[in-house]
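Now for the letters of each chain:
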Amino acid sequence: MGVIWDKLLYYLQYPFVIYALIVGVLISLVASLLGVTLVIKKYSLLGDGLSHVAFGAMAIAAILHFSDELPFTIVVTIISAIFILKKGNNAQLSGDALVAMFSVGSLALGYLGLSLFSTSSNISGDVCTTLFGSTSILTLTLTDVVISVVCSLLIILIYLINYHQFFALSFDDEHAKASGMNTDRYNLILAVITAVVIVLAMNLVGSLLISALIVFPALSAMRVCTSFRSVTIAASLLSMLCAFSGIVISILAGTPVGPTIVAADMFVYVLVCLWNGGKR
Amino acid sequence: MNLECIDLSIGYRQPIAENINFTLAQGDFLCVLGANGTGKTTLIKTILGIMRPLAGEVLYDGQKEHCRIAYLPQHLNVQQEFPATVGEVVLSGMMVHHHGFFYGQKAKKKADDIMRSLNIRDLKKRSYKQLSGGQRQRVLLARALCADNELLVVDEPVNGLDAQAKEQMYAMLAKLHQEENMTIIMISHDVQQAIRYATHILDMQAPMMFLSKEHYIKNKQMEISSWA
């Protein structure tokens, strides 16, 4: 135990480890906040689709040699989110099919673009990093950290201010509309912050695993809590706990960060199911 | 609230029903009858502002814009597995214009009073998804009353309820109509109950008719005697 503790303290001296912990915990928090609403509205796959769009956007940014890929990726993903949401309400093309099209389309184009134009000597390594996160959370630049922290805090603020509106939107949007709420506006806000969260979370777990951060904490919390408020709080706490322990374990054990965090989330979900099942 | 529908056409792109004209005064109880597909639900969605009219207009107290309407949807159409307590669901009726993470004392007091009047105060901490159909419907009615107390729109309120819960539901609506003088619009399949409680009938079956209850009954009687 002492050896592990010494090793942890040794790593904590490095700013990149501190950065990773701060950004990782914050991003997991916002992902789980949104997750509650997305899971209930049956939009879980919107997150998955958008993460693939973000992969495509990041590939384009890499091909065009942008010095920082984050702002470009965020903008492209937000635009796609708005497009999917607007068109998804249209009867001609269901939201589900649209998400599938966007998702595989951008994945294919992104990889195609990278293999045709990339100057990197290790394309599959780069792609693997973008898809599974691997160590990118440990190589964050200071700009990335600032952007992630500011965006996360903004999203938390927006969520808290509009908490009742998100509740109404998730539970019964027709009733909300009849009570005079501008549901289109709040759906738009939801799409935009989902897009931002996804791009931020790419650094943490990679684009293929983002949905895990969105769904697992929400599902675990929904198994044990009765009120919406306690679900929200429990999902945030569980998500932060899993992110923190996932990052620490991956540093100590040398495992890839993203999959370790997701494994922690899954572990908690299974524990909750067992505990809950035993109670019944 | 007064409600006027003027030359209203409703539907998604294609009109389902056209030239709907009627006026309701404060305290009227309108029952909308008609088979499936005649546009009953589309009509109330248009009145609620969930859908736009294809032509014509709806005026609320003479104004084009409505601010709040109490709406009781069919409980089967509302999320069944939603993680929330009864208290949270009821409070959500008045919170859509309120910002922040917490509820005000005034809002809590009002919700408590409404829950007490509908006999669901003791369910406040219970989980919404564990309730029976009749209890859910009462919780949703409480939420509607939190949103507004002038115009209540009700979509098949007794669908999927057992006989006892049906009676309770109708009794509550009658009480709101008589004691609170609310204007009520109710969709129903049940002509008998409609005639018992409504003051006006809108029959969406072609040819569409908007009549006071007395006229509607007289019409039906004439129809029956013409068969004989």
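Higher on the page you've got the structure.
Keep in mind that what you see is a predicted model, and the values were worked out from it rather than measured.

1. Some remarks on helix 12 (residues 228–253) of chain A
Residues that lie three or four places apart on an α-helix share one face, since the helix turns once every 3.6 residues.
Now for step 1: With 26 residues, helix 12 of chain A should reach 38 Å at 1.5 Å per residue; the first-to-last C-alpha distance of 36 Å fits that figure.
Now for step 2: Once helix 12 of chain A ends, the next one or two residues include Gly-254 of chain A, with phi positive near 70°.

2. A short note on the nonpolar core
Nonpolar side chains in soluble globular proteins generally cluster together in the buried interior.
Now for step 1: Ranked by size, the top nonpolar core spans 138 residues in total, and within it Phe-228 of chain A together with Leu-141 and Leu-152 of chain B carry the most contacts.
Now for step 2: Looking at which element gives the most residues to this core, the answer is helix 2 (residues 15–40) of chain A, with 15 residues.
Now for step 3: When sequence neighbours within four positions are dropped, the list of residues in contact with Phe-228 of chain A reads Val-36, Ile-40, Tyr-159, Tyr-163, Phe-167 and Ser-170 of chain A together with Phe-82, Pro-83, Ala-84 and Glu-88 of chain B.
Now for step 4: Membership of the second largest hydrophobic core comes to 27 residues, among which are Met-1, Leu-24, Leu-202 and Met-204 of chain B.

3. What to know about the interface of chain B and chain A
Now for step 1: The interface is formed by 36 residues belonging to chain B together with 29 residues belonging to chain A.
Now for step 2: Between chain B and chain A, a total of about 2900 Å² is buried, with carbon and sulfur atoms accounting for 61% of that surface.
Now for step 3: For the pair chain B and chain A, the number of links is two salt bridges.
Now for step 4: Residue Asp-172 of chain A is joined to Arg-143 of chain B by a salt bridge in which the shortest nitrogen-to-oxygen separation is 2.8 Å.
Now for step 5: Summed over the shared surface of chain B and chain A, the number is 16 residue pairs in polar contact (both at pLDDT 80 or more).
Now for step 6: Of all the elements in the fold, those that place two or more residues in the side of chain B that touches chain A are helix 1 (40–48), helix 2 (86–95) and helix 4 (133–147) of chain B.
Now for step 7: Element by element, the count of residues in the side of chain B that touches chain A is highest for helix 2 of chain B, at five residues.
Now for step 8: Across the side of chain B that touches chain A, the residue classes break down as 20 nonpolar, eleven polar and five charged.

4. Some points on the pattern of salt bridges
Side-chain pairing between opposite charges can occur once the charged atoms of the two side chains come close.
Residues and elements named next belong to chain B.
Now for step 1: Following the criterion strictly, the structure yields ten salt bridges over all chains and no others.
Now for step 2: Put simply, Lys-124 and Asp-112 hold a salt bridge, and the shortest N to O gap is 3.2 Å. Separated by twelve residues along the polypeptide, Lys-124 in the loop between helix 3 (105–117) and helix 4 and Asp-112 in helix 3 bring together distant segments of the chain.

5. What to know about the pairing of strand 3 (residues 29–33) of chain B
Residues and elements named next belong to chain B.
Now for step 1: Most of strand 3 is tucked away, with five of its five residues classed as buried.
Now for step 2: Every second residue of strand 3 is oriented toward a common face, with Phe-29, Cys-31 and Leu-33 on one face and Leu-30 and Val-32 on the other, all of them buried.
Now for step 3: With four bridges joining them, strand 3 and strand 7 (residues 183–187) adopt parallel strand pairing. In the strand pairing of strand 7, Phe-29 is matched with Ile-184.

6. Section: unusual backbone geometry
Residue and element names in this part refer to chain B.
Now for step 1: The phi dihedral of Arg-13 is positive, around 60°, even though this residue is not glycine.
Now for step 2: Counting through the fold element by element, Arg-13 comes out in the loop between strand 1 (3–12) and strand 2 (14–24).
Now for step 3: The backbone phi angle of Asn-181 is positive, close to 55°, even though this residue is not glycine.
Now for step 4: Inspection of the secondary structure assignment puts Asn-181 in the loop between helix 5 (163–179) and strand 7.

Rules used throughout
Residues numbered from 1 in each chain as written. Chains lettered and ligands numbered in written order. Predicted model: local features only at pLDDT ≥ 70, side-chain atom pairs only at ≥ 80, totals over all residues. Heavy atoms only, no water. Helix = DSSP H or I, 4+ residues; strand = E, 2+ residues; numbered from the N terminus. Expected span 1.5 Å × (residues − 1). Core = buried A, V, L, I, M, F, W, Y, C linked by side-chain atoms within 4.5 Å. Buried < 20%, exposed > 50% of the residue type's maximum accessible area, 1.4 Å probe, protein only. Contact = heavy atoms within 4.5 Å. Buried area = accessible area lost by both parts, 1.4 Å probe. Salt bridge = Lys/Arg side-chain N within 4 Å of Asp/Glu carboxyl O. Polar contact = N/O pair within 3.5 Å; in protein donor to acceptor, adjacent residues only side chain to side chain. Nonpolar A, V, L, I, M, F, W, Y, C, P; charged D, E, K, R; others polar. Pairing = 2+ DSSP bridges.

Limitation: the analysis is restricted to geometry and does not speak to function.
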